[in-house]
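Chain by chain, the residues run as shown.
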Amino acid sequence: MAILTKPDLRRQISAARRALPAAVRERETRSLQTHMAQLTADVEIIAAYIPVGSEPGAAVDAVPLLDGLSGLRILLPIARAGQPMQWAVYHRDALVPAPFGLREPAPPWLTPETIAQADLVVVPALAVARDGTRLGRGAGFYDRALHLADPTAALVAVVRDDELLDTIPAESHDVPVTHALTPGGGLIPLGHRE
């Protein structure tokens, strides 16, 4: 059996996500909400993101993975082509449209190094391997940003249960994550960073 390349995997997983029935999506989102609340119970600052489109936890005009959290500071990414990812503090009902089909807080924005304040970094992924290799969309925003995270922070990729794979092709610039968060499995420890 041929090993799929990153572009092949991206196409395959994106198509499977788009084909997922709405009822399954909603059930998985509720499960992820519960897991996220448990995961952040003892956290003061989290760097997270707003799922969009067919990403696990996505909802139209709502932020279910973040809105159930309270008592912590939530940092959201500000992504611009050709620039390091910046961060901004999340305020419910205060998001504006952004490039790449995203929603983000309006300025003022914080420096790329702000990610180092986070006790927990939740990152989007199309898939993640058991050794921590994360398959993103290919723009490299998170691989560049995760180098600035606190080395003791948990790096958690949110994926569907069947998107936790045995292997994913890795490149030297890929930053491995420490955990996967899946609807059925909850928080799953992965191979650790070197």
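For clarity, every value in this text was computed on a predicted model and none was experimentally measured.

Novice: Which parts of the structure should I look at to understand the sheet that holds strand E10 (residues 164-165)?
Specialist: Pairing is mixed in the open sheet, where three strands are placed in the order E8-E7-E10. Strands with a single pairing partner mark the edges of an open sheet, and in this sheet they are strand E8 (134-135) and E10. As paired strands, strand E7 (residues 127-129) and E8 are joined by two bridges and run antiparallel to one another. By the bridge assignment, Val-128 is partnered in E8 with Arg-134.

Novice: Any chance you could explain the pattern of salt bridges here in plain terms?
Specialist: When charged atoms on two side chains of opposite charge get close, those side chains can pair. Summed over the entire model, instances satisfying the criterion amount to nine salt bridges. The residue Arg-137 makes a salt bridge to Glu-55 at a minimum N-O spacing of 3.8 Å. Within this pair, whereas Arg-137 is found in the loop between E8 and helix H4 (141-146), its partner Glu-55 is found in the loop between strand E1 (45-47) and helix H3 (64-67), the two being separated by 82 residues in sequence. Using a relative accessible area of 9% as the deciding quantity, one classes Glu-55 as buried. Within the structure, one salt-bridge network assembled from shared partners comprises Lys-6, Glu-171 and Asp-174.

Novice: How should I be thinking about the environment of Ala-22 in this particular structure?
Specialist: As for its position among the elements, Ala-22 is in helix H2 (residues 22-39). The spatial distance from the C-alpha of Ala-22 to the C-alpha of Gly-184 is 17 Å, given a sequence separation of 162 residues.

Novice: What should I look at first to understand the UniProt feature "binding site: substrate" (unreviewed entry) in the protein chain in this one?
Specialist: In the numbering adopted here, UniProt assigns the feature "binding site: substrate" (unreviewed entry) to Ile-50 and Glu-55. In this structure, Ile-50 sits in the loop between E1 and H3. Those residues within four positions of Ile-50 in sequence are excluded, and the remaining contacts are Glu-55, Val-63, Leu-66, Leu-76, Leu-95 and Arg-103. Every residue in contact with Glu-55, bar those within four places of it in the chain, is listed here: Arg-17, Tyr-49, Ile-50, Pro-124 and Arg-137.

Novice: Explanation requested: the side chain of Glu-163 in the structure shown.
Specialist: Inspection of the secondary structure puts Glu-163 in the loop between strand E9 (154-158) and E10. A polar contact is formed between the side chain of Glu-163 and the side chain of Arg-17, at a distance of 2.8 Å. When sequence neighbours within four positions are dropped, the list of residues in contact with Glu-163 reads Ile-13, Arg-17, Pro-56, Leu-126, Ala-127 and Val-128.

Novice: Quick question: what am I supposed to make of helix H1 (residues 6-18) here?
Specialist: Every α-helix carries 3.6 residues per turn, so stepping three or four residues along brings you back to the same face. The terminal C-alpha atoms of H1 lie 18 Å apart, and with 13 residues this matches the ideal 18 Å at 1.5 Å per residue to within 8%. The set of residues buried in H1 consists of Lys-6, Leu-9, Arg-10, Ile-13, Ser-14 and Arg-17. What you see down the axis of H1 is that its buried residues fit within an arc of 125°, all on one side. For H1, exposure combined with an orientation more than 90 degrees from the buried face picks out Arg-11 and Arg-18. Residues of H1 that are buried in the fold lie against H2, E7, E8, E9 and E10.

About the cut-offs
- Residues numbered from 1 in each chain as written.
- Predicted model: local features only at pLDDT ≥ 70, side-chain atom pairs only at ≥ 80, totals over all residues.
- Heavy atoms only, no water.
- Pairing = 2+ DSSP bridges.
- Helix = DSSP H or I, 4+ residues; strand = E, 2+ residues; numbered from the N terminus.
- Salt bridge = Lys/Arg side-chain N within 4 Å of Asp/Glu carboxyl O.
- Buried < 20%, exposed > 50% of the residue type's maximum accessible area, 1.4 Å probe, protein only.
- UniProt positions renumbered as here; feature names shortened; annotations may be inferred.
- Contact = heavy atoms within 4.5 Å.
- Polar contact = N/O pair within 3.5 Å; in protein donor to acceptor, adjacent residues only side chain to side chain.
- Expected span 1.5 Å × (residues − 1).
- Arc of directions from axis to C-beta.

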